[in-house]
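A look at the structure
Here's the letter readout for the chains.
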Amino acid sequence: MTDDAVPDLRASDADRERVAEALRDALAEGRLDMTEFEERLEATYRARTYGELAPITRDLPVPGVTPPAPVSFAKEGAGSGEWAGRIVGGEGSSTWAVAVMSGFQRKGRWTVPRRFTCFAFWGGGELDLREADFADREVVINCVAIMGGVNVIVPPGVEVVVRGIGVMGGFDQRAEGAPGQPGAPRVIVTGFAFWGGVGVERKPTRAERRRLKEERRRERLERGRRESLPEGRERESLPEGRDEEYDEYGAHRRMFDDHHRMLDAHRERRQEQREERRERRRSDDY
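Read on for a plain summary of the structure. Counting from 1, residues in each chain are numbered in the order their sequence is written. Local features in a predicted model are, by the rule used here, given only for residues with pLDDT of at least 70; side-chain atom pairs are given and counted only at 80 or more, and totals for whole chains, interfaces and linings are based on all residues. Side-chain descriptors were evaluated using all non-hydrogen atoms of the structure, hydrogens and water having been removed beforehand.

1. Thoughts on the overall build of the protein
Put simply, DSSP marks the helices as runs of H or I at least four residues long and the strands as runs of E at least two long, and each gets a number from the N terminus on. Within the protein one finds five helices and 13 strands. For each residue, the accessible area found with a 1.4 Å probe, counting protein chains only, is set against the maximum for its type, and the residue is called buried under 20%, exposed over 50%, and partly exposed in between. For the protein, the residues scored as buried account for 38% of the 286 residues in total. Here the analysis covers contacts within the protein between residues at least 6 apart in sequence; of these, 65% occur between residues at least 24 apart. Just so you have it, the protein exposes about 16,400 Å², and 51% of that area is on carbon and sulfur atoms. We call two residues contacting when some pair of their heavy atoms lies within 4.5 Å. Note on areas: Shrake-Rupley with a 1.4 Å probe; residue coverage comes only from the protein chains shown.

Laid out in structure tokens, this is it:
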């Protein structure tokens, strides 16, 4: 379904928030001045159909898209699953890692082989599988930790089996038990730990963290809109044309709240950038 095919389709709150986010980005990049931003933001929250929303960002680029394109309201069809493209076959990016009084790290976009072996002696290592591809639907990670440690990070949806043996050490089994998603790989963690440990933990991917952050932001926006209603009034009780009292009071309140939220979003982005720089420095230290 194309955007032109649904101009009369009713827009949802999520559709309006997507347009509002594009406007905030355009304001931060200097593509819009404050007057234009406020006019378009007010038109966004007043819009009821896709046909009313589409012209608001017609002349603005979507971040990360070249050439520039307006915000799309096309409903995407269901895909074949997020894991379909991550079982890639082959031999893997690397098959072993060693840390002797030092450390190693595998993270980012790499391919986990069918069998990966790592050894840590008076040192530590980290295997981050959240953004990784997999050579097969079942991979084995063999960890040997002697007075050292290895930490394995897996994304949600991956089935984990821990079979390691610990002598005055141990293997973390808290990540076991959760069923895998359809098509997701199976990760078997095995090996030996002596006066050391092998940890296995689940952490969300960057995309999942962004999605959760966006959900929290939308919840804050929704609370702000509800609070902008005059006391004793409910959104459902407003007439179809949005009466003058609500337009005059609520529009100014929403613009005020949106400006503050925009500043908060910039602070969050700067904090994320600082955290990413610290992570890169820590990676370089290894």
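2. Examining the layout of surface pockets
Approximately 790 Å³ is the volume found for the largest pocket. With a 1 Å grid spanning the protein atoms alone, the term cavity applies to any set of points in which a 1.4 Å probe fits but cannot get out, the term pocket to an open set with protein on both sides within 12 Å along at least five of seven lines, and the term lining residue to any residue with an atom within 4 Å of a point. Lining the largest pocket are 22 residues, and of these R209, R210, K213, R269 and E272 lie nearest its centre. Of all the elements, helix 5 (residues 244–285) adds the most residues to the lining of the largest pocket, at eleven residues. Under the grouping applied here, Gly and all other residues not named as nonpolar or charged are polar, the nonpolar ones being Ala, Val, Leu, Ile, Met, Phe, Trp, Tyr, Cys and Pro and the charged ones Asp, Glu, Lys and Arg. Within the lining of the largest pocket, the residues separate by chemical class into three nonpolar, one polar and 18 charged. Grid points are joined across faces, edges and corners, and a volume is the space filled by probe spheres set on the points.

3. Observations regarding the nonpolar core
Within the largest apolar cluster, 31 residues are counted, with the highest numbers of intra-cluster contacts made by C118, L129, C143, V152 and V187. For this core, the secondary structure elements donating two or more residues are strand 1 (96–100), strand 4 (115–121), strand 7 (138–146), strand 8 (149–154), strand 9 (159–162), strand 12 (186–194) and strand 13 (197–202). Looking at this core, the element that brings in the most residues is strand 7, giving four residues. Apart from the residues lying within four places of it in its own chain, the contact partners of V187 are L129, F134, V139, I141, V158, E159, V160 and V161. With 16 residues, the next largest nonpolar core counts A20, L23, Y50 and I56 among its residues. Think of a nonpolar core as a cluster: buried Ala, Val, Leu, Ile, Met, Phe, Trp, Tyr and Cys residues, connected wherever their side-chain atoms sit within 4.5 Å.

4. Concerning the sheet that holds strand 13
Sheet strands pair by backbone hydrogen bonding; their relative direction is either parallel or antiparallel. We call two strands paired when DSSP finds no fewer than two bridges between them. Read across the open sheet, the five strands follow the order 2-5-8-13-11; overall the sheet is parallel. The open sheet is flanked by strand 2 (103–106) and strand 11 (170–171), the only strands paired with a single partner. Taken together, the four bridges between strand 2 and strand 5 (residues 124–128) define a ladder with parallel strand orientation. Note that in strand 5 the partner of Q105 across the bridge is E126.

5. Quick notes on a positive patch on the surface
Judged by side-chain charge, K107, R206, R209, R210, R270, R274, R277, R278, R280, R281 and R282 come together as a positively charged surface patch. Residue assignment for the positive patch shows that the elements contributing at least two residues are helix 4 (206–227) and helix 5. Of all the elements, helix 5 adds the most residues to the positive patch, at seven residues. With respect to the secondary-structure elements, R281 resides in helix 5. Only residues whose relative accessible area exceeds 30% and that form no salt bridge are eligible for patches; like-charged ones are grouped when within 9 Å, while nonpolar side chains (Val, Leu, Ile, Met, Phe, Trp, Tyr) are grouped when within 5 Å. For this analysis, a salt bridge means a side-chain nitrogen from Lys or Arg found within 4 Å of a carboxyl oxygen belonging to Asp or Glu. Charged residues are defined narrowly, with Lys and Arg counted positive, Asp and Glu counted negative, and His plus the chain ends left uncounted. A charge is said to be at NZ when it belongs to Lys, at CZ for Arg, at CG for Asp and at CD for Glu.

Everything listed here is a matter of geometry and, on its own, says nothing about what the molecule does.
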